Amino acid sequence: MVLATALLGASLPAAEHAERERNTELATAELERVATEAARLAAQNDPIESRYAPARTVIEVAVPQPTLTDGGRLIIECDRLVWQPVDGRNRTVDSDVPIHVASPVRISDRTRLRLSFVRIGGQAVVHVERARVEKRSRNQTARARRIAAFRRRVPV
């Protein structure tokens, strides 16, 4: 029993390190997917003023679920995509197109994001926001809807 406890104690730091690295790689892949979708949206469409119906897409991102470590969260800010682990260094992913958010989006669970290619202040940007999904009925697929503050053009 003492030997088993000693072996577990000796191997636990290595297992924690391996999980932190795994979580960082998975989270970085999710952020790279956001950057790739933003670039694809910008490459295939023309930006229009945000008050009109812009080209958009909805993607789902997931934060790695930790088992030995404390995990972390994804943060999307203007022109910044970051994995912020509880322990360790942040990892930033660069985007080829400008990213815009009304306020920082902090993601700690599976979340749907709406990416819209718009023109804000004369600059073409991909606007990112959380997508709320309406419940499904038998004959209807889920669809994203805009947050009430944006529908009514209320400043956020």
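Look up a bit, the structure's there.
This one's a predicted model, so the numbers in the text were calculated from it and none came from an experiment.

Now for the sheet that holds strand E5 (residues 91–93). What the 4 strands build is an open sheet, ordered E5-E4-E3-E7; its pairing is antiparallel. What marks the edges here is a single partner per strand, and that holds for E5 and strand E7 (105–107). Across the sheet, the axes of successive neighbouring strands diverge by a mean angle of 20°, strand direction being ignored.

This model, assessed by the stated rule, comprises 7 salt bridges. Among the salt bridges present, the one from arginine 110 reaches glutamate 60, with a minimum N-O distance of 2.9 Å. You can see arginine 110 sitting in the loop between E7 and strand E8 (111–120) and its partner glutamate 60 sitting in strand E2 (residues 55–61), a full 50 residues away along the chain. With a closest N to O distance of 2.7 Å, arginine 80 and glutamate 77 form a salt bridge.

A few words now on the pairing of E8. Of all the 10 residues making up E8, 7 are buried; the element is thus mostly covered by neighbouring parts of the structure. By the bridge criterion, 2 bridges tie strand E1 (residues 48–49) to E8 in an arrangement that is parallel. Note on E8: the bridge partner recorded for isoleucine 48 is valine 118. Bridging between E2 and E8 involves 7 bridges; their strand directions are antiparallel.

Criteria and thresholds
- Position numbers for residues start from 1 in each chain and track the written sequence from start to end.
- For a predicted model such as this one, the threshold for reporting local features is a pLDDT of at least 70, and the threshold for listing and counting side-chain atom pairs is 80 or more; totals across whole chains, interfaces and linings nevertheless cover every residue.
- Each side-chain value is worked out from all heavy atoms of the structure, with water and hydrogens disregarded.
- When DSSP locates at least two bridges between a pair of strands, those strands are taken to pair.
- Starting at the N terminus, helices and strands are each numbered in turn, a helix being any DSSP run of H or I of at least four residues and a strand any DSSP run of E of at least two.
- Note on geometry: axes are C-alpha line fits, over the in-contact stretch for helices, and angles between N-to-C directions span 0 to 180 degrees.
- The rule for a salt bridge is simple: a side-chain nitrogen of Lys or Arg has to be within 4 Å of a carboxyl oxygen of Asp or Glu.
- Exposure categories follow from relative accessible area, calculated using a 1.4 Å probe and restricted to protein chains: below 20% of the type maximum is buried, above 50% is exposed, and the middle band is partly exposed.

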